[in-house]
Amino acid sequence: VHPPHQMEDAAFLCAWITVLQAGRVRMDGASRQVFDLADEVTESGLALPPAAQLAAGMRARGWQIPLGVLSLDDLVSSLQGLDGAGTEAAGGTGG
């Protein structure tokens with residue numbers, strides 16, 4: 001059991017994350033799955049890792065960023081198949 005309070009550390013150190021709120025399990029799953037639930041994470045009083053926060057913000061603005069982004073490398077990789085408008089480029093893999 002590792003109770004990190006820096007979510008960036010949790011994202012990289014933990015394969016599985018359980019989020020407790022008021023003594024009850026709010027979320028439980030693989031770290032990528034938990035951090036994909038951006039609204040629930042922040043409603044629980046936690047911050048997303050910086051790259052996940054940026055990816056969620058870009059998704060909210062229409063960018064086709066795939067789920068599972070935890071690191072800057074993940075974000076850069078996901079952007080490589082997009083055109084300048086944030087949509088999948090012709091012939092790109094999209095993720």
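The text that follows walks through the structure, step by step, so that each part is easy to find.

The rules behind each value
Residues numbered from 1 in each chain as written. Predicted model: local features only at pLDDT ≥ 70, side-chain atom pairs only at ≥ 80, totals over all residues. Heavy atoms only, no water. Salt bridge = Lys/Arg side-chain N within 4 Å of Asp/Glu carboxyl O. Helix = DSSP H or I, 4+ residues; strand = E, 2+ residues; numbered from the N terminus. Buried < 20%, exposed > 50% of the residue type's maximum accessible area, 1.4 Å probe, protein only. Pairing = 2+ DSSP bridges. Axes fitted to C-alpha atoms, helices over the stretch in contact; angles between N-to-C directions. Parallel < 35°, antiparallel > 145°, perpendicular 65-115°, else oblique. Left-handed = near helix turned anticlockwise from the far one by under 90°. Contact = heavy atoms within 4.5 Å. Nonpolar A, V, L, I, M, F, W, Y, C, P; charged D, E, K, R; others polar.

**Thoughts on the pattern of salt bridges**
- Here the structure, examined in full by the defined rule, presents two salt bridges.
- Of the charged contacts, one joins Arg-26 and Glu-43 as a salt bridge, the two residues approaching to 2.9 Å between their closest N and O atoms. Here Arg-26 is found in strand S2 (residues 24-30), whereas its partner Glu-43 is found in helix H3 (residues 38-43), with 17 residues between them in sequence.
- You can call Arg-26 partly exposed: its relative accessible area is 30%.
- Taking the shortest distance from any N to any O, the salt bridge between Arg-32 and Asp-74 comes out at 3.0 Å. Here Arg-32, found in helix H2 (residues 31-36), pairs with Asp-74, found in helix H5 (residues 72-79); they are 42 residues apart in sequence, far enough to count as distant.

**Focus: the pairing of strand S1 (residues 16-21)**
- Note that S1 and S2 share six bridges and pair antiparallel. Among the inter-strand pairings, Ile-17 is bridged to a residue of S2, identified as Gly-29.
- Linking S1 to S2, which pair antiparallel, is a turn of two residues; within it Ala-22 sits at a positive phi near 55°.

**Some words on unusual backbone geometry**
- The backbone of Ala-22 shows a phi angle near 55°, a positive value even though the residue is not glycine.
- Counting through the fold element by element, Ala-22 comes out in the loop between S1 and S2.

**With respect to the packing of helix H4 (residues 50-60) against H5**
- In the contact formed by H4 and H5, the axes pass within 8 Å of each other and the chain directions differ by 30°. In terms of axis orientation, H4 runs roughly parallel to H5. In the crossing of H4 with H5, the sense of the turn from one axis to the other is left-handed. Side by side, H4 and H5 meet where Ala-51, Leu-54, Ala-55 and Met-58 of the first sit next to Leu-72, Leu-75 and Leu-79 of the second.
- Its residues assigned to classes, the contact of H4 with H5 shows seven nonpolar, no polar and no charged.

**Examining H4**
- Every buried residue belonging to H4 is among Ala-51, Ala-52, Ala-55, Ala-56, Gly-57 and Met-58, and all of these are buried.
- If you follow the buried residues of H4, they end up packed against H3 and H5.
- Gly-62 occupies a position one or two residues after H4 and carries a positive phi of about 100°.

**Re the environment of Gln-33**
- Take Gln-33: it is sitting in helix H2.
- By relative accessible area, Gln-33 is classed as exposed at 52%.
- The sequence separation of Gln-33 and Gly-68 amounts to 35 residues, and the corresponding C-alpha distance is 6.8 Å.

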